[in-house]
Each structure stands twice: as structure tokens, then as C-alpha cells.
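In case you want the letters, here they are:
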Amino acid sequence: MIHTTKRKLTAFLVAFAAVFFIALPASAHVTVKPSSSTTEAWETYTVKIPVEKDINTNKVTIKVPATVDFKMYEPVEGWNVTTETNDEDKVTTVTWEAENDDAAIKPGEYRQFSFTAQNPAEAGEVAWDAFQYYTDGSIVEWTGEDEDAELPHSVTEIAASTATTDSHGHTVDDEADTDEEAASDEDTGSSTSTFLSIAAIVISVIAIILTFMRRK
């Protein structure tokens, strides 16, 4: 009975370890965050690149979705950034490449790169295809369309927004404007009430003084 229990426990632990170690690499894929945003927002996206192999990653390329307007990137020490554009001078890909082996991403490490882009005007999904380059010349293509794919790409859900965006990427919310106007009206009303109260006190003091003077 004891031996049977031990065998079952050992089998369970082996199965658990197998599932754990098989699932672990699948979860460590290239991601682009946030996974949700709003229409026309100037969003700061972050690309996270983990290293799954026993060799360095020295380059990563992100394809910019056709409906997304790439704006600018944050420089990273030791890494060069290049972009490709189409005939309309719209950025279609962004590539980060290590200047040397010291700057490359080592096994067991990850690195993050950030950039700003303006979201599409229509709600929906935008997919980020990514290509991870290793120093042995191999390339891992994170382009799977299904989240259950072996090498899935990241997806950002774009929801409709009530805010409007100006040419500088600033958003103005209609509700916020209404609140500001209400606050302004409230401040104006408060100032008026204060002024009337002070005026009433001054008039009362003058009336008291005049009354006192008449009695004399």
C-alpha cells in the first residue's frame, strides 16, 4: 500500500514538472504592452524581449500595424534603432540592434524597448508581429494569429474613446471640459456671494455709524 502511494505521488510530481517546464517557455514570448488602449490616443508601447535559448539575442524587429501611426522611440544605451518607411513615408518597421555582444540580451535575461504611436480612429484589434534574432543567425518569428499558437504575436484591443486628440497628442475629454466649466461657474458664484457679503457688512457698519452720529 505504501509503495503504491509512493509510486502515485512520484508519477504526479513527474507529470506536474513536465507540464510546468513545457508551459514555461511558451509563456516567455515577445510581447507589446499595453494590451488595451483607446482610439486615436498617443500611446506609449513597451516591447519586452525575453531570451529563451542559451545564446544571446542581438536584434528585434517589430512590424507597425498599418492603422497605427508610429511617432518616436526612446533611445537605449548600447542599441541602435532604425526604421523603414513605405511610399507614403509612414513607418512600417522598427528595429533595435545591439552595438556589440556586451549590449546583447543574455540567456535568462530580458530587455524592454519603448516607443510612442497614435492609435487608429476605428475600434478593433491591432497585431504586433515581432522577429527575434539570435547571435547564431536563427530567427524566431512571433507572428502566430491565434493566442494558442506556438509563436503568437501580441494584440492590443483598441476601444472607442470619447476624448479628442490635438496635433500634439494631447487628449481633451468632453466630460472633463464640462466639469471644468461647472467648477468655473461655481468659483464665479462663490466669488460673487463673497463680494455681496462683504458689501452687506460694510453697509451695515456705515448705517450703525450714521445712526450713532445722529443721536449725538
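As shown above, the structure is provided for reference.
A brief report on the enclosed structure follows. Position numbers for residues start from 1 in each chain and track the written sequence from start to end. Local features in a predicted model are, by the rule used here, given only for residues with pLDDT of at least 70; side-chain atom pairs are given and counted only at 80 or more, and totals for whole chains, interfaces and linings are based on all residues. Each side-chain value is derived from all of the structure's non-hydrogen atoms; neither hydrogens nor water enter the calculation.

This brings us to the sheet that holds strand β1 (residues 31-33). Two strands pair if DSSP finds at least two bridges between them. Labels follow the DSSP assignment, with helices taken as runs of H or I lasting at least four residues and strands as runs of E lasting at least two, numbered in each case from the N terminus. Spatial strand order, β1-β3-β8-β5: 4 strands in an open sheet with antiparallel pairing. One side of each edge strand has no neighbouring strand; the edge strands of this open sheet are β1 and β5 (69-73). Direction aside, the axes of adjacent strands within the sheet are offset by 35 degrees on average. The angle between two axes is taken between their N-to-C directions and runs from 0 to 180 degrees, where each axis is a line fitted to C-alpha atoms and a helix contributes only its stretch in contact.

Another aspect to go through is the sheet that holds strand β4 (residues 57-63). In space, the 5 strands of this open sheet follow the order β6-β7-β4-β10-β11, with antiparallel pairing throughout. The sheet is open, and its two edges are formed by β6 (79-85) and β11 (139-142), each paired on a single side. Neighbour to neighbour, the strand axes of the sheet diverge by 15 degrees on average, direction disregarded. Judged from the 5 bridges that link them, β4 and strand β7 (residues 91-98) form a sheet pairing that is antiparallel. Residue pairing in the sheet places Ile62 in a bridge with Val94 of β7.

Of the volumes computed, that of the largest pocket is approximately 180 Å³. Here a cavity denotes grid points, spaced 1 Å and computed from the protein atoms alone, that fit a 1.4 Å probe unable to get out, and a pocket denotes an open set having protein on both sides within 12 Å along at least 5 of 7 lines; residues with an atom within 4 Å of a point are the lining. The wall of the largest pocket is formed by His29, Thr31, Val32, Lys33, Ser35, Glu147, Pro152, His153, Ser154 and Val155. Those elements that provide at least two residues to the lining of the largest pocket are β1 and β12 (154-159). Just so you know the grouping, Ala, Val, Leu, Ile, Met, Phe, Trp, Tyr, Cys and Pro go in nonpolar, Asp, Glu, Lys and Arg go in charged, and all remaining residues, Gly too, go in polar. For the lining of the largest pocket, the class distribution of residues is 3 nonpolar, 5 polar and 2 charged. Grid points are joined across faces, edges and corners, and a volume is the space filled by probe spheres set on the points.

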